[in-house]
Amino acid sequence: MKDLGSGFPEWTELGQDGGLDPLGMQRPIEVIYQSLLPGISTITLRFRYYAFFVWMLEVYAKENRNTDPAAFRRFQRRCEALFALIAARGSTELGVAGIDWAHRQLSSVPDNSAANIDFSVGADPEADLAQRYLRNKGGAFGGIYATQMYEMGLITLGDDQNPISVCTDRALPLANAFAEEIGDLAVLFLGRVAAGTVSLPDLDRLAPMKPSSVIAGSKEHSLLVEVLLGRVSSASVSDQLRRSTARMLLQLIAVANDVPHAEAVKWEWFGAGKQEVRYDSDTDDVRDMWALYQACDLMRLAYENTLDLALDILQGAEMRRMTLGALVAELLDLADVPKGMTWVEYSTGLVEKAEPAASARLADDTMMEARASGDRSERMQAVLVLIAALAKKAAAFGELLDNALDAPDHFHSLRTEVRFLEARAHDDAQSVVDAMIRERVLKRHLWVASRKFRNQKAYTFLIEPEEGLLRYRDRFRVSPSSPRLEQAMKFLRDVKLIDDTGLTALGRAELMSNEVL
């Protein structure tokens, strides 16, 4: 695996401060997928915002020059509120910050009215929460897009000398292209921003600024494609990683003749998919990283299903309390691990009939179906098949397993759990599963919850120790992580490389430009 350098985020806090990461296994997973799609997050929903915001910053820098954050925020929030009203008028746009607020404003005005809509109050960061287009005072730019635009090299973040973000040299051509695309509408837009009011005829005239109104083949469109696909001069490691993932998506879509859901994409890159895709040879390392991401997430899901089963048992117990030993024994009984076998003998038998990736997918499907049907025994046994398949799959990662997941041991991940199993390969299988449930799941949750309470002041205990017993407290939702693939495909749609039917002519031309098809 090549050195990914600064493409990787740093290891920071142990999990989330809520109850969504009860075993503290989420952070290693986030580290991987954040590095593979830098500049895109789960809440950056429309790509034209990247062009709109660099234009907005450049206008402010040239025409205002006031470095008071309050003055900039007033301008920025009015721009965003007006942008939301434009998007809500006529054929509505999805993924626009403040779109629900904008619909409410428009619904109060008759369609043929020439009256002005006053959006100054909704844009005021000090207005009552119910009146704001967006509750976050930083708006969509400060609260959602700024850090991702920084990741893409489009802006600098504020500092002590100038707290206002400014465009980088990379962003200036995009800002100018957006300005050229909207032409004289810039004067109308900025005039309405200054006034804090807009009429329906004004909104109709401003429709070319909508997120979906990027014109294919325009300078703005070409630059957005270049930024998204990392086709930029002096491309950083982050640019290269995002480009590899984006091209892999295009290649998969080209073969599938469809736009798959993120879950299907994850299985394809894990090695348990249905498509035969000829990927670029220089994306091998990135595909390995996506496979490692999926393996890490599946190990988390296996452990979280075990914890959820424990909570299910505990919730139904007398007084919702059990000893740790009794709870572990009940889970072990569900697992139905045979006596007289070592862990390596038992786990090998679970997955010897199929490739590890295929075994993992089948086990995951079985685990989910058993959870839905309430079959505890089948679910616990599927957990063990999944863990065995992942341990076998981990061997194929080689040094990548240690290099990509090199972190203190209190960050549990596929690496730490495989090492746990390897150290006990020749121990009795029942004792290994007992230790896994007792130490790696139940006691692990208590440790993670106590650490979060001590360091983050967040009370996230799902079970509580009480006079030698464990007491049920709460449940949580077990679900796969969301690694930004859906957002990446939305961006590919916004720049017209894909549509509902799959790859567009523009998308095929993009792949042909690198002699892929």
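Scroll up to find the structure.
The following refers to the structure shown.

Rules used throughout
Positions within a chain are numbered from 1, following the residues in the order the chain's sequence is written. pLDDT decides what is reported in this predicted model: residues at 70 or higher carry local features, side-chain atom pairs at 80 or more are listed and counted, and totals for whole chains, interfaces and linings draw on all residues regardless. The basis for every side-chain value is the complete set of heavy atoms in the structure, and neither hydrogens nor water enter the calculation. Secondary structure elements follow DSSP: runs of H or I of four or more residues count as helices, runs of E of two or more count as strands, with numbering from the N terminus. In this treatment the radius of gyration is a C-alpha quantity, and the globule benchmark scales as 2.2 Å times the residue count to the 0.38 power. In this analysis, two residues are considered to be in contact whenever any of their non-hydrogen atoms come within 4.5 Å of each other. The rule is simple: take the accessible area with a 1.4 Å probe, protein chains only, and divide by the maximum for that residue type; under 20% is buried, over 50% is exposed, in between is partly exposed. The arc in question is formed by the directions pointing from the helix axis toward the C-beta atoms. Between 30 and 60 degrees the pair is tilted, below 30 it is stacked and above 60 it is edge-to-face, where a pair is any two Phe, Tyr or Trp rings, Trp via its six-membered ring, whose centres lie within 6.5 Å. Nonpolar core, defined: a set of buried Ala, Val, Leu, Ile, Met, Phe, Trp, Tyr and Cys residues in which side-chain atoms within 4.5 Å join the residues together. Only strands joined by at least two bridges in the DSSP assignment are considered to pair.

Attention now moves to the overall build of the protein. Regarding its fold elements, the protein presents 22 helices and 9 strands. Taken against the 2.2 N^0.38 rule, which gives 24 Å for 517 residues, the C-alpha radius of gyration of the protein at 26 Å falls within 12% of a compact globule. With the principal axes as the frame, the protein shows a C-alpha extent of 80 × 55 × 45 Å. Put simply, 73% of the contacts in the protein that link residues at least 6 apart link residues at least 24 apart.

Among the residues of helix H4 (residues 99–107), those classed as buried are Ile99, Trp101, Ala102 and Leu106. When H4 is viewed along its axis, its buried side chains cluster within an angular range of 155 degrees and face the same direction. What points out from H4, more than 90 degrees from its buried face, is the exposed set Asp100 and Ser107. Contact partners of the buried residues in H4: helix H3 (69–88), strand E1 (116–118), helix H5 (120–123) and helix H9 (200–205).

What follows covers the packing of aromatic side chains. Scanning the entire structure with this criterion turns up 28 aromatic pairs. With centroids separated by 4.7 Å and ring planes inclined at 40 degrees, the aromatic side chains of Tyr49 and Tyr145 adopt a geometry described as tilted. With Tyr49 in helix H2 (residues 48–63) and Tyr145 in helix H6 (residues 139–151), this pair connects stretches of sequence that are 96 residues apart. With a relative accessible area of 1%, Tyr145 lands in the buried category. On the numbers, 5.7 Å between centres and 65 degrees between planes, the contact of Trp55 with Phe189 is edge-to-face. Taken together, the residues span a long stretch of sequence, with Trp55 in helix H2 and Phe189 in helix H8 (residues 185–195) at a distance of 134 residues.

It is worth spelling out the environment of Pro483 at this point. Here Pro483 shows up in the loop between strand E7 (469–472) and helix H21 (485–494). The class for Pro483 is buried, based on a relative accessible area of 2%. As for Pro483 and Tyr293, which are separated by 190 residues in sequence, their C-alpha atoms are 9.0 Å apart. Those residues in contact with Pro483 that lie beyond four places of it in its chain are Tyr33, Leu37, Lys266, Trp290 and Tyr293.

Within the largest apolar cluster, 177 residues are counted, with the highest numbers of intra-cluster contacts made by Trp55, Phe189, Leu292 and Leu414. Not counting residues up to four positions away in its chain, the partners in contact with Leu292 are Ile32, Phe397, Leu400, Leu401, Ala404, Leu405 and Leu414.

Turning our attention to the pairing of E7. Where burial is concerned, the two faces of E7 differ: the one with Leu470 and Tyr472 is buried and the one with Leu469 and Arg471 is not. In the sheet, strand E5 (residues 321–322) pairs with E7 via 2 bridges, with the strands oriented antiparallel. The partner of Arg321 across the bridge, within E7, is Arg471. Bridge count between strand E6 (residues 463–466) and E7: 4 bridges; the pairing is antiparallel. Residue pairing in the sheet places Pro465 in a bridge with Leu470 of E7.

These values are about where atoms sit, not about what they do.
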